[in-house]
Amino acid sequence: MKKTQFEQLVIHDFEEQHFHLPNHSHTYYELVYIWHGSGQHVLNQQRMPYLQGDLFVISPEDEHYFEIAESTRFTFIKFTDGYFAGHTFYRPEARASGSPEAVMRLPVLKQLKLQMDEPCITILRQTVDNIVAYNCRKNVAASPLVFYQVLSVLGLIREAAAKLNLQISYHEPDKEDLISYIHGHIHLPERLKVKHIASHFAISATYFGDYFKRNFEVSYRKYINAYRLQLIEQRLLTAKTPLKNIAAEFGFQDASHLSKYFRSQKGVGTKEFRLKEVDD
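Residues numbered from 1 in each chain as written. Predicted model: local features only at pLDDT ≥ 70, side-chain atom pairs only at ≥ 80, totals over all residues. Heavy atoms only, no water.

Student: How should the environment of E7 be read in this particular structure?
Tutor: Turning to its location among the elements, E7 is positioned in the loop between β1 (2–3) and β2 (9–16). For the pair E7 and V140, spaced 133 residues apart in sequence, the C-alpha to C-alpha distance is 10.0 Å. (Helix = DSSP H or I, 4+ residues; strand = E, 2+ residues; numbered from the N terminus.)

Structure below.
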């Protein structure tokens, strides 16, 4: 079961004696705060007991559910990739120092509970309380106040991790490694999709486009198209290579789809290009 959320930010605050969902995953991120109650949190088939004041981080790759032993009040803070990217007051350079999505994906946060002490316990409780209180407003996803409260929760996660000597660091991909990967997989379109390449280099898919353009001064899509087009041109100049073979080599369904793509980029079809270059 995979749940989908289209709103950038959704806040659910409720109490239950029996958790309303079976084991599930979702397309968004969740911060789950326990106000009171007890039971088991089953995260990626690993059981963790939960009590008042516990905080859990869930990313789209995870599956989880709760087994409630004692009536439990939960606050679920759910946000999509676009939540942080959509706020202009969150500077790109701040994201470079540690993407919230990258923090949420760290495996170590799924393997043990973070232990907080005072004043962090009180600050966390008050911060979640602030978020819940403001949830009565319309378009809460656009609120700077709520945005920075969510960032505060992530800051508390970092501090608690540091006290346990857990490494929460974030590094941008090495430029040469990234380009080598792109060139090495240019014939495999699926491997070059932003979601896949961002996962390979452990970087947020939302942040990846900003990172690429900032480092290479061209959008990722334009770079891929330009490099693929250059290679296709080189292959077309080899007159003995059938168009269907070139199409298959670059992941096109057939020669017709290759020609359509080539025409959209160069203004001329593959056969015309080959004839023109041979004549020249």
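Student: Would you take a moment to explain helix α4 (residues 120–134) for this structure?
Tutor: Residues three or four positions apart in an α-helix share a direction because the helix packs 3.6 residues into each turn. Here α4 spans 21 Å end to end across 15 residues, near enough to the 21 Å set by a 1.5 Å rise per residue. The elements touched by buried residues of α4 are β2, β4 (29–43), β6 (55–58), β7 (64–79) and α5 (144–163). (Expected span 1.5 Å × (residues − 1). Contact = heavy atoms within 4.5 Å.)

Student: Could you clarify how one ought to interpret the side chain of N225 in this entry?
Tutor: With respect to the helices, strands and loops of the structure, N225 is situated in helix α9 (residues 220–236). Here the side chain of N225 touches Y261 through a polar contact of 3.4 Å, side chain to side chain. Residues in contact with N225, not counting those within four places in the same chain, are Y261 and Q265. (Polar contact = N/O pair within 3.5 Å; in protein donor to acceptor, adjacent residues only side chain to side chain.)

Student: Explain α9 to me, please; I cannot follow it from the model alone.
Tutor: When the terminal C-alpha atoms of α9 are compared, their 24 Å separation across 17 residues agrees well with the 24 Å that a helix rising 1.5 Å per residue should span. Listed in full, the buried residues belonging to α9 are Y220, I224, N225, Y227, R228, L229, L231, I232 and L236. (Buried < 20%, exposed > 50% of the residue type's maximum accessible area, 1.4 Å probe, protein only.)

Student: Looking at this structure, I do not really get the pairing of β6. What am I missing?
Tutor: Within a regular strand, the side chains alternate between the two sheet faces. On β6, burial covers both faces: L55 and V57 on one face and F56 and I58 on the other are all buried. Bridge count between β4 and β6: four bridges; the pairing is antiparallel. Paired with Y33 across the bridge in β6 is L55. (Pairing = 2+ DSSP bridges.)

Student: Explain the pairing of β7 here, please?
Tutor: Sheet topology places β2 next to β7; eight bridges connect them, and they run antiparallel. Looking at the pairing, E16 lines up with T72 of β7. Alignment of β4 against β7, held across 13 bridges, turns out to be antiparallel. In the sheet register, L31 faces β7, and the bridge partner there is I77.

Student: When you look at the packing of helix α6 (residues 175–184) against α9 in this model, what are you seeing that I'm missing?
Tutor: When two helices pack together, their arrangement is given by the angle between the helix axes and the distance between those axes. Put simply, α6 and α9 touch, their axes get as near as 11 Å, and they point 50° apart. Classified by the angle their axes make, α6 and α9 are oblique. Remark: the crossing between α6 and α9 carries right-handed chirality. Of the residues in α9, those in contact with I179, I182 and H183 of α6 are Y220, Y223, I224 and Y227. (Axes fitted to C-alpha atoms, helices over the stretch in contact; angles between N-to-C directions. Parallel < 35°, antiparallel > 145°, perpendicular 65-115°, else oblique. Left-handed = near helix turned anticlockwise from the far one by under 90°.)

Student: Whenever I open this one, the side chain of Q5 confuses me. Can you help?
Tutor: With respect to the helices, strands and loops of the structure, Q5 is situated in the loop between β1 and β2. Beyond its immediate chain neighbours, meaning those up to four positions away, Q5 contacts V10, T27, Y28, K78, F79 and T80.

Student: I would appreciate a short explanation of the confidence of the model for the protein chain in the present structure.
Tutor: As a note on interpretation, predicted positions should not be read in detail where pLDDT is low. Across the protein chain, the average pLDDT comes to 83, with 88% of residues at or above 70. In this model residues 91–97 is a low-confidence stretch, pLDDT under 50, and it forms 16 contacts with partners more than four residues away in sequence or in other chains. (pLDDT = per-residue confidence, 0-100.)

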